[in-house]
Amino acid sequence: THLPFLVRVKGDAESVSATINSVLRATYPDATIETPTIRSLIEGAAAQFWRLEMLVVILGITAVLLAAIGIYGVVSFAVSKRMREMGIRIALGAMKQDIYAAVVASSLRPIWLGLLFGVLLALAGARVLKQALSGLLPIEYFNPINYMVPGCLLLGISLLAMLLPARRAAACDPSKTLREE
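In this text the structure is predicted, and so the values were computed from the model without any measurement.

This brings us to the environment of Ala-18. With respect to the helices and strands, the residue Ala-18 is situated in helix α1 (residues 13–27). The exposure class of Ala-18 is partly exposed, given its relative accessible area of 47%. Residues Ala-18 and Val-104, spaced 86 residues apart in sequence, show a C-alpha to C-alpha distance of 68 Å.

Quick look at the pattern of salt bridges now. Within this structure, the stated rule accounts for two salt bridges. For Glu-85, the salt bridge goes to Arg-82, with nearest N and O atoms at 2.9 Å. Between Arg-89 and Glu-85 there is a salt bridge; the shortest N-O distance is 2.9 Å. On the criterion of helical spacing, the pair formed by Arg-89 and Glu-85 is a turn pair, its members being four residues apart in helix α3 (residues 83–91). With a relative accessible area of 32%, Arg-89 lands in the partly exposed category. Overlapping salt bridges bring together Arg-82, Glu-85 and Arg-89 as one network.

So, about the nonpolar core. Of all hydrophobic cores here, the largest spans 19 residues; its most connected members are Val-75, Val-79, Met-86, Ile-99, Val-103, Ile-111 and Ala-169. Only α2 (38–81), α3, α4 (96–133) and α5 (144–170) provide two or more residues apiece to this core.

A contiguous nonpolar patch, built from Leu-113, Leu-116, Phe-117, Val-119, Leu-120, Leu-123 and Phe-142 and spanning about 610 Å² of accessible area, is present on the exposed surface. Topologically, Val-119 is positioned in helix α4.

Chain-level statistics for the protein chain give a pLDDT mean of 83 and a share of 96% at 70 or above. Mean pLDDT per element in the protein chain: helix α6 (residues 174–180) is the minimum at 77, and α4 is the maximum at 87.

Quick notes on the rules
Residues numbered from 1 in each chain as written. Predicted model: local features only at pLDDT ≥ 70, side-chain atom pairs only at ≥ 80, totals over all residues. Heavy atoms only, no water. Helix = DSSP H or I, 4+ residues; strand = E, 2+ residues; numbered from the N terminus. Buried < 20%, exposed > 50% of the residue type's maximum accessible area, 1.4 Å probe, protein only. Salt bridge = Lys/Arg side-chain N within 4 Å of Asp/Glu carboxyl O. Core = buried A, V, L, I, M, F, W, Y, C linked by side-chain atoms within 4.5 Å. Patch = residues over 30% accessible without salt bridge, like charges linked within 9 Å, V, L, I, M, F, W, Y side chains within 5 Å. Areas by Shrake-Rupley, 256 points an atom, 1.4 Å probe, with all protein chains shown as cover. pLDDT = per-residue confidence, 0-100.

Right under this line is the structure:
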């Protein structure tokens, strides 16, 4: 059977733990004896927590990278479908800024919609998580910064993902684009 007990000591807990361990081993030679200190138990639990935190960070970074790649792919595909339109705009005198603005404006609509739904889902998930953990972890579930920072980060990454397709569209040769169709 497992019989745990606690000993409160003043001074060095490691030396007292070693003394208790040797006395118990002498008294019960066949028993499995563990004499961890509270500090070592807390450090072990904290180490597990930090490993979990690193896993969450790695998964978060992976999710942001996948989102950026997905946004780039969708915007690039949408711009390739609109190359004829971009060629006509350039032929009619549109400047590069106008092409950039057209690509960004058309691409931001679904991104804003995605951010809105993402925040709503995150708020719903935070409510469920708060009820499930019921005060076990001191986390601020409804702090606006927790929702604004990832949203702004994804918006910035989205703008960077739009930059390359917009540059390609702005640099297209209108006569070549119009002849292709």
